[in-house]
Amino acid sequence: MGRKLKRRYVLFTLGAILSLALLSNIAYGLYENMQSWPIYRHDWTRSGYAPVTTPDTNATLWIWEAPSRGPSAPIIANGIVYTTLYDTLYALDETTGVELWHLKVGTSGAELTGGPTYADGKLYVGNRDGYVYCLNASNGQQLWYWPTGAVYGRVETSPVVANGKVYFGTADYNYPSEKNYLVAINATTGVQIWRYTGAGDKILASPSVDGTWIFFASNDGKVYALNDTGGSFQLKWTFTTSSSVLTSTPCVNSGKVIFGTHSEDHSIFALNKTTGDLIWQYVLKYTYSSIDNSVAVANDVVYFTPSSGFSRPVYALNASASPGIYNEGDINEDEILIWKCPDGYLSTPLTSPAVTNDKLIVVGGNFLYALNINDGTKIWTYDFVSSYPEEPVIADGRIFVAYYYNRIYCFGDFYPPNLYSYPVSVAEHDYTVKIWANATCTDFDYSSLLSEKKLTYMLKANWVNDETAMSGITVPNEMLGGPYTVTVDGGEVSTIEYDNGTHTTINFTYLQLPQDAHTIEVTGSTVVPEFPQFLMLTTLMAGLATVILAKKKMFRK
């Protein structure tokens, strides 16, 4: 297929998908791989690390205009970008930025907080009225909710889903505060399984999970470690800092729990995951520095950004440094410090960083920075003009940033789908059928076109996990007319059709099981009107003869 024809077909297919997405609750992103960011800080352990490469330029793929200020830092799962704005959840197509749907959550109008979490086709999010909601990720439909029961209770942490449970912290703004819990809820039913009531103040830092261990920080200046025993829990240890505020989400990596503290300590701590004992501490030079941001950890390097009162805004530390206390500027600093940015190198204040295989991504002031992970030097920047962008999120090699005033930006490239073109010669006519898929297409067959009005083909993807796969087929209306039915392995699936007058594009999704090939059948209602009558008669006679012979054989038996 020539370059011009390929280009026209890509534009036609994308145009069709864009038109359909405006009318549909189904997302049709086009991907070669799906590397999601389904939870705050990417994963259960809150690593802030996405195992992908990122763009080498600051080109924007799309910009979504929110209806008002305040979209949250998004999460990305199965090709959909989820963000909250006050009491409303929005779903955007990852490739196009087209809004797929939005839905108000709850009935009180309370602001959604902490950011949503995706797991197993569901979304979990809390609000300022102290409720946690479980929603259908396809359309936002409420499945269950759970209340804290506190008059001034809030859920400001991002839930984490593991071990069949939803873990989150609560914050009681009543005085004296009494209902600051770490809660475990059945992820399917919404029934509380257990809750830990020993935190001495509000829980604002999101919990992290490593196996059955749960780690969280509280405004009482302590970090807690619990072990989920199934129907209950065990308190394994607590670690007391000098800080009265802890909002840095603990990150679990290689047997360590790593987090930052407020100005009293102005430090990064690494604790033994099992015992809670201090392994190492890195103390910033200025006593008014605060590390309220969450760290990012990848390949045994800890990246962090102080949130206030600092001179050098980005640091990279050796996660496996020898045990001890290290002070910035001291002679032993080289044992733990890998690099730090020079004074004034980046605009401030800075958000929590995100790290990839090739870059460190961070927002400072009104700039987005892509830094070299080896030395912190700038690779590229993007100027938002005004301040207050949220921390960056990375999925499928793209960078997503929520801008406080009213936008979400996507930086990266459009991933074209696999495109296939098949000639069809039938009834003295020549046609072309085009198929797109985020999988490999084989065994295209039109032998049943005239007799059953059917086309078939096989799809197989190479990814490891069960994923939502996407495909579409464009057929000439003269060759095969609708309405159409599509089945995958014999089961009918929902479709969206786009008819431009001469051709119809039929788009659908299905569950692609790892390494399995799936049979796709597309059946229409009309077929080649110019089909010669003598051929039709021949086909009918042949079919009749087959039936007669079969009956004769049956009677002989």
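This text goes with the structure placed above it.
Okay, so let's go over this structure. (Residues numbered from 1 in each chain as written. Predicted model: local features only at pLDDT ≥ 70, side-chain atom pairs only at ≥ 80, totals over all residues. Heavy atoms only, no water.)

Turning our attention to the overall build of the protein. Each helix and strand counted, the protein has 3 helices and 47 strands in total. Within the span of the protein, comprising 557 residues, buried residues form 53% of the whole. Within the protein, contacts between residues separated by at least 24 positions form 53% of all contacts whose residues are at least 6 apart in sequence. Roughly 23,000 Å² of accessible area belongs to the protein as shown, and the carbon and sulfur atoms make up 50% of that amount. (Helix = DSSP H or I, 4+ residues; strand = E, 2+ residues; numbered from the N terminus. Buried < 20%, exposed > 50% of the residue type's maximum accessible area, 1.4 Å probe, protein only. Contact = heavy atoms within 4.5 Å. Areas by Shrake-Rupley, 256 points an atom, 1.4 Å probe, with all protein chains shown as cover.)

Next up on the list: the sheet that holds strand 7 (residues 122-127). In space, the 4 strands of this open sheet follow the order 6-7-8-9, with antiparallel pairing throughout. Looking at the sheet topology across the chains shown, the edges are occupied by strand 6 (112-119) and strand 9 (142-147). Ignoring strand direction, the axes of neighbouring strands in this sheet form an average angle of 15°. Strand direction decides the pairing type here: strand 6 and strand 7, joined by 5 bridges, are antiparallel. Looking at strand 7, one finds that A119 is bridged to K122. (Pairing = 2+ DSSP bridges. Axes fitted to C-alpha atoms, helices over the stretch in contact; angles between N-to-C directions.)

Bringing the sheet that holds strand 28 (residues 337-340) into the picture now. Strand order in the open sheet formed by 4 strands is 24-25-26-28, and the pairing between neighbours is antiparallel. The sheet is open, and its two borders are formed by strand 24 (296-298) and strand 28, each paired with just one other strand. Ignoring strand direction, the axes of neighbouring strands in this sheet form an average angle of 20°. As judged from the 3 bridges shared by strand 24 and strand 25 (residues 301-304), these two strands associate in the antiparallel manner. Bridge assignment links A296 to a residue of strand 25, and that residue is Y303.

Moving on, we get to the pattern of salt bridges. Taken as a whole and judged by the stated rule, the model has 16 salt bridges. The salt bridge partner of E156 is R128, with a shortest N-O separation of 3.3 Å. With E156 in the loop between strand 10 (153-154) and strand 11 (160-162) and R128 in the loop between strand 7 and strand 8 (131-136), this pair connects stretches of sequence that are 28 residues apart. Shared partners join several salt bridges into a network, and the residues in it are E111, R128, R154 and E156. (Salt bridge = Lys/Arg side-chain N within 4 Å of Asp/Glu carboxyl O.)

Before going further, it helps to examine the nonpolar core. Within the largest apolar cluster, 33 residues are counted, with the highest numbers of intra-cluster contacts made by V433, I435, L455, Y457, I473 and M479. Mapped onto this core, the elements with two or more residues apiece are strand 36 (418-426), strand 37 (429-437), strand 38 (440-445), strand 39 (454-460), strand 40 (467-476), strand 42 (485-488), strand 45 (503-512) and strand 46 (517-523). Grouped together as the second largest cluster of nonpolar side chains are 31 residues, A50, Y90, I408 and Y409 included. (Core = buried A, V, L, I, M, F, W, Y, C linked by side-chain atoms within 4.5 Å.)

Right, let's get into unusual backbone geometry. Here the residue pair T348 and P349 is connected by a cis peptide bond, since its omega of 0° sits within 30 degrees of zero. Looking at the secondary structure, you find P349 in the loop between strand 28 and strand 29 (354-355). Note the cis peptide between G482 and P483, where omega equals 5°. Inspection of the secondary structure assignment puts P483 in the loop between strand 41 (480-481) and strand 42. Unusually for a residue other than glycine, D120 sits at a positive phi of about 55°. The residue D120 is located in the loop between strand 6 and strand 7 in this model. Overall, the relative accessible area of 69% leaves D120 in the exposed class.

Counted according to the given criterion, the structure contains 37 aromatic pairs. The interplanar angle of 10° and the centroid separation of 6.0 Å between the aromatic rings of Y409 and F411 together place this pair among those described as stacked. An aromatic cluster is built from Y167, W194, Y196, F216, Y224 and F233, whose rings are joined through pairwise contacts. Positioned over the ring face of Y173 is K202, at 5.1 Å from the centre of the ring. (Phe/Tyr/Trp six-rings, centres within 6.5 Å; stacked < 30°, edge-to-face > 60°. Lys NZ or Arg CZ within 6 Å of the ring centre and 35° of its normal.)

Side chains V301 and Y303 of strand 25 all project onto a buried face; the interleaved residues V302 and F304 project onto the opposite face, where all are buried too. Hairpin connection from strand 24 to strand 25: 2 residues lie between these consecutive antiparallel strands, with N299 at a positive phi of about 55°.

A cluster of nonpolar side chains, V151, Y152 and Y173, forms an exposed patch at the surface whose accessible area comes to about 350 Å². The residue Y152 is located in the loop between strand 9 and strand 10 in this model. Judged by its relative accessible area of 49%, Y152 falls in the partly exposed class. (Patch = residues over 30% accessible without salt bridge, like charges linked within 9 Å, V, L, I, M, F, W, Y side chains within 5 Å.)

Attention now moves to the environment of S244. Note on placement: S244 falls in the loop between strand 19 (233-240) and strand 20 (251-253). For the pair S244 and S263, spaced 19 residues apart in sequence, the C-alpha to C-alpha distance is 9.0 Å. Excluding residues that lie within four positions of it along the chain, S244 makes contacts with N219, D220, G221 and E264.

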